[in-house]
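Read off the chains here:
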Amino acid sequence: MTTFGSITLNLLNGFTSSLVLFFLTLLFALPLGLMMAFCSMSKFKPLSILMKIIVWVLRGTPLMLQIFVIFYVPGILFGFTWPIMHTGWEWFDTVFSTRLIAALVAFIINYAAYFSEIYRGGIQSISKGQYEAGHVLGMTKRDIFFKVILLQVIKRIIPPMSNEVITLVKDTSLANVIAVTELMYEAHLLLTKGLIWPIFYAGVFYLVFNGVVTVGLGYLEKKLDYFKV
Amino acid sequence: MAFLEVREIYKSFGKSNILNGVGFDLENGEVLSIIGSSGNGKTTLLRCINFLETVDSGTVTLNGELLLDGESSKKEKESEIREKRLHFGLVFQQFNLFPQYTAFNNIKLPLELMEKERAKKGLKSLTDGDIDKEVHSLLKKVGLEAKKDLYPCQLSGGQQQRVAIARAMALKPDVLCFDEPTSALDPELTGEVLKVIRELKEKEKITMIIVTHEMEFAKNISDKILFLSRGTAGEIGTPKQLFEESDNPEIRKFLKTYSEEQTI
Ligand SMILES: Nc1ncnc2c1ncn2[C@@H]1O[C@H](COP(=O)(O)OP(=O)(O)O)[C@@H](O)[C@H]1O
Ligand SMILES: [Mg+2]
């Protein structure tokens, strides 16, 4: 029961949830962050002020607190419970527990706030001349953004985004506080049974995964080396 | 009625009045140069004509069509302005090429988007092959066919500006504007850009408005010169009238500073 193989399986089981949290957070927080960035840059003052306050709160309070709030408060106040999955596909229904979904929502909102600030900085760092050149060439605002500005922004924000993404890999362990069965949950469980080494073994999982992420982001950065902004 | 009529343009930023009733007429194929000290509103005037700034009042009429009217300009929709500004092209001091596109694709992008829009509206539009041919011929006009696959960061300043000129011509504007096209260039690179502009006048008969500090160039290429000075509507005349015959003390002083700079 405590063989290397079975413990590896235990940790891998937890790691699956960590990966699900990681990838789904990115998948939703990246576009949501962009929308939030547009809101905070909006010329419509109430919207931009509201968004700045939201971002300030999300970045100024612990992610752990936000996980608690999202998991417990809707139930206590409104009787809202996070949905239980009934797809009949067992793996899916187990991984996507109500706890994981609540944690995921907290991660998405929190990370979108961080990303929005990075987007905003990136968008505002692009020279006005790029927009003006697009305008005088008869391009629509939409085309200017998607065909001219966006790639330059992406190139600019890869370094700060990389930092956030690497932090996210480690932050997935915070889901542990509402007992999501992710990697640290499994390692901690073993620790309480008196097994010390799996906690280090879990550390290796994070390290290796972060290594892969770093290499991937480095590759992306290199891919955009052909132009200067 | 002249081809281009710019009338009584007023523009202020906050409390400072930058343009005070500036106006001029330009015939098709003519070249107007705008000179004057730094901060006198030369860039602002070009930006107003290109709808990058709104004017406080004044009008711009092209070919009899009223394009800009200070009274109503602030209420206009983006799509209306977009259509009107296509009558004009603008070449910037800092080139403003799109860094992620090659020289070729910098020119192709606006053309492609325009043709797509025309096709969507059911209008006659160029095929992709036609667009490529057009881009090639534009690159040829500025002598950069060989550099077509290079990115802006791989080109010299002079080459970048020539690409920017080709790009500004891609949508066949009626009037091409230049804002100090050689001011950001090393002195040895200004010649190639000025040569391209001269060829546009001689071979293509393009109507141009050029803000420049290159006095010799302005004198030689221009049909008219507009001298802008602070707090006035400026003075307009032929190169001969302004450079040789004017007794406006401000113009004399301005030209004197320049000729001194040239001889230093
Ligand atoms: N967007 C702006 N806001 C406030 N002041 C401006 C703005 N644009 C230009 N100005 C001012 O208008 C004056 C004229 O500027 P500009 O047209 O660039 O002059 P020039 O091109 O002749 O050097 C300058 O004093 C400048 O500071
Ligand atoms: Mg200027």
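Predicted, not measured: the structure shown is a model, and the values here were computed from it. (Residues numbered from 1 in each chain as written. Chains lettered and ligands numbered in written order. Predicted model: local features only at pLDDT ≥ 70, side-chain atom pairs only at ≥ 80, totals over all residues.)

Along its length, chain A carries nine helices and zero strands. In chain A, the succession of helices and strands from N to C terminus is α-α-α-α-α-α-α-α-α. A principal-axis box enclosing the C-alpha atoms of chain A has dimensions of 70 × 45 × 35 Å. For chain A, the proportion of its 229 residues judged to be buried stands at 32%. (Helix = DSSP H or I, 4+ residues; strand = E, 2+ residues; numbered from the N terminus. Buried ≥ 20, exposed ≤ 12 C-beta atoms within 10 Å, placed from the backbone.)

Residue and element names in this part refer to chain B. Spatially, S2-S1-S4-S5 is the arrangement adopted by the four strands of the open sheet, whose pairing is antiparallel. At either margin of the open sheet sits one strand with a lone partner, and together these are strand S2 (16-26) and strand S5 (65-69). Taken over all neighbouring pairs, the strand axes of this sheet differ in orientation by 20° on average, direction set aside. Pairing between strand S4 (residues 57-62) and S5: four bridges, direction antiparallel. (Pairing = 2+ DSSP bridges. Axes fitted to C-alpha atoms, helices over the stretch in contact; angles between N-to-C directions.)

All names here are of chain B. The six strands lie next to each other as S6-S7-S8-S3-S9-S10, forming an open sheet whose pairing is mixed. A single partner strand is all that each edge strand has here, and the edge strands are strand S6 (88-91) and strand S10 (235-237). Strand after strand, the sheet turns through a mean of 15° between neighbouring axes, direction not considered. Here five bridges tie strand S7 (residues 175-179) to strand S8 (residues 207-211), and the two strands are oriented parallel to one another. Across the sheet, Asp179 pairs through a bridge with Val211, a residue of S8.

This brings us to the pairing of strand S1 (residues 4-13) of chain B. All names here are of chain B. Where S1 lies against S2, eight bridges are found, and the strand directions are antiparallel. Within S2, the residue paired with Lys11 across the bridge is Leu19. From the end of S1 to the start of S2, which pair antiparallel, there are two residues, and Gly14 there has a positive phi angle of about 60°. Where S1 meets S4, five bridges bridge the pair, whose relative direction is antiparallel. In the sheet register, Tyr10 faces S4, and the bridge partner there is Ser57.

Here we take up the site of ligand 1. Residues and elements named next belong to chain B. Around ligand 1 sit Phe13, Ile18, Gly36, Ser38, Gly39, Asn40, Gly41, Lys42, Thr43 and Thr44, and those are all the residues in its vicinity. Counting residues per element, the shell around ligand 1 draws most heavily on helix H1 (residues 42-49), at three residues. Here the shell around ligand 1 is composed, by residue class, of two nonpolar, seven polar and one charged. (Near = placed C-beta within 6 Å. Nonpolar A, V, L, I, M, F, W, Y, C, P; charged D, E, K, R; others polar.)

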